[in-house]
Amino acid sequence: MILPPCRALGTQCRSLHVTLRVGSFEEGITSLDHEATWLLGHTERITFHELWEGDGDLYVEATLHLPCRYLHLTGGQATCGAYGYTGRAPRGAPREAQPLQLGADRFVVVHRARNAVRTLSFPHRSLPVLDIPPAVNGDANPCATARCRTADNTMNAACCRDLQIEIMCTRRQRRLEALVRSRKSPYLCKIDREGDFSIEAEMISACGYLGADGVACTLHGRQRADGRPAKPDLCSEWPPKNQGLHPGCVFRRRPKGNKPAPAPAPQVCKNLEVGRHQLGPGQGDG
């Protein structure tokens, strides 16, 4: 691993400013709004700043609140394990409040590529619905009691607690790339460069739309003013069998026996609803 060219202890020991790619306008503003709402929802360890457009893509400036793997703290003192620097524990970039749930059905979401406060209500039923008893656990939240976990062994709602990010970083930005690669694992891991202009990584940063129980999604079942679901589309995708699932995920379960399992009916995650079950290739087992 290439060491970052640091000359002293500093804010880079605790946090890192980056530019993240959100998505492409070619996919349509509806799809992009969903993608942006999903990304900007993961506020636990990311402070999101301004959104901006460039060359047909949407980007966001962000601060990753992740320590360097070489930073060692003892009380109020710090030591750099790479260069031997010592001194007072450095401060990271300021953490800004990013409330997404404002109460009274009001939420912060991305609308037409900009952050906006919107009233997201549950749809009104125009006709009565027959009260038919569901099958056992048929309407229960399958993720409510799942023992899924992220790579740092945090239990429950694992799909809502990590994400894949694309950091804009050219091959010539060697200092930035070295700083990214020096972040502490597993909070930033599986760092990979597939092109000349960006690197991808998996990060642990929980979603700010999670409910008080830390499992249910507060956007589930709500609608935007135009009738679109408030919950990002990709949070409700059915995961392919045995692909990118977290340890303990309920969707790992398959019927036992010699008979092939029947093809699942079209279905979405019911985590009232818990988040994105399908991660990128090789993700989830961190």
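Residues numbered from 1 in each chain as written. Predicted model: local features only at pLDDT ≥ 70, side-chain atom pairs only at ≥ 80, totals over all residues. Heavy atoms only, no water.

J.: Which residues make up the pairing of strand S9 (residues 114-119), and what are the values?
T.: Sheet analysis places strand S8 (residues 106-111) next to S9, joined by 6 bridges and oriented antiparallel. Of the residues in S9, the one forming a bridge with Phe107 is Arg118. Connecting the antiparallel pair S8 and S9 is a turn made up of 2 residues, with Arg112 showing a positive phi of about 50°. (Pairing = 2+ DSSP bridges. Helix = DSSP H or I, 4+ residues; strand = E, 2+ residues; numbered from the N terminus.)

J.: Please provide a residue-by-residue account of the nonpolar core, values included.
T.: Of all hydrophobic cores here, the largest spans 34 residues; its most connected members are Leu39 and Ile165. Of all the secondary-structure elements, those providing two or more residues to this core are strand S1 (16-24), helix H1 (29-40), strand S2 (46-54), strand S3 (57-64), strand S10 (162-168), helix H2 (174-181), strand S11 (188-192) and strand S12 (198-204). The element that contributes the greatest number of residues to this core is H1, accounting for 5 residues. Excluding residues within four positions of it along the chain, Leu39 makes contact with Arg21, Val22, Phe48, Val60, Leu163 and Ile165. (Core = buried A, V, L, I, M, F, W, Y, C linked by side-chain atoms within 4.5 Å. Buried < 20%, exposed > 50% of the residue type's maximum accessible area, 1.4 Å probe, protein only. Contact = heavy atoms within 4.5 Å.)

J.: Got a sec to walk through the sheet that holds strand S7 (residues 101-103)? Specific residues and values, please.
T.: Ordered by their spatial adjacency, 3 strands build an open sheet running S7-S8-S9, and the pairing between neighbours is antiparallel. Edge positions in the sheet fall to S7 and S9, since each has one partner strand and no second. On average, each strand axis in the sheet is inclined to that of its neighbour by 40°, with strand direction left out of account. Looking at chain direction, S7 and S8 are connected through 2 bridges and run antiparallel. Across the sheet, residue Gly103 finds its bridge partner in S8, namely Arg106. Strands in contact with H1 are S8 and S9; relative to S8, the strand with the most contacts, it is inclined by about 125°. (Axes fitted to C-alpha atoms, helices over the stretch in contact; angles between N-to-C directions.)

J.: Could you give me a rundown of the packing of aromatic side chains, with the residues and numbers involved?
T.: One pass over the structure, following the stated rule, counts 2 aromatic pairs. Plain terms: the ring middles of Tyr83 and Tyr85 are 5.5 Å apart, the flat faces sit at 20° to each other, and that makes the pair stacked. Residue Tyr83 is classed as partly exposed on the basis of its relative accessible area of 36%. (Phe/Tyr/Trp six-rings, centres within 6.5 Å; stacked < 30°, edge-to-face > 60°.)

None of the figures reported here should be taken as evidence of function without further support.
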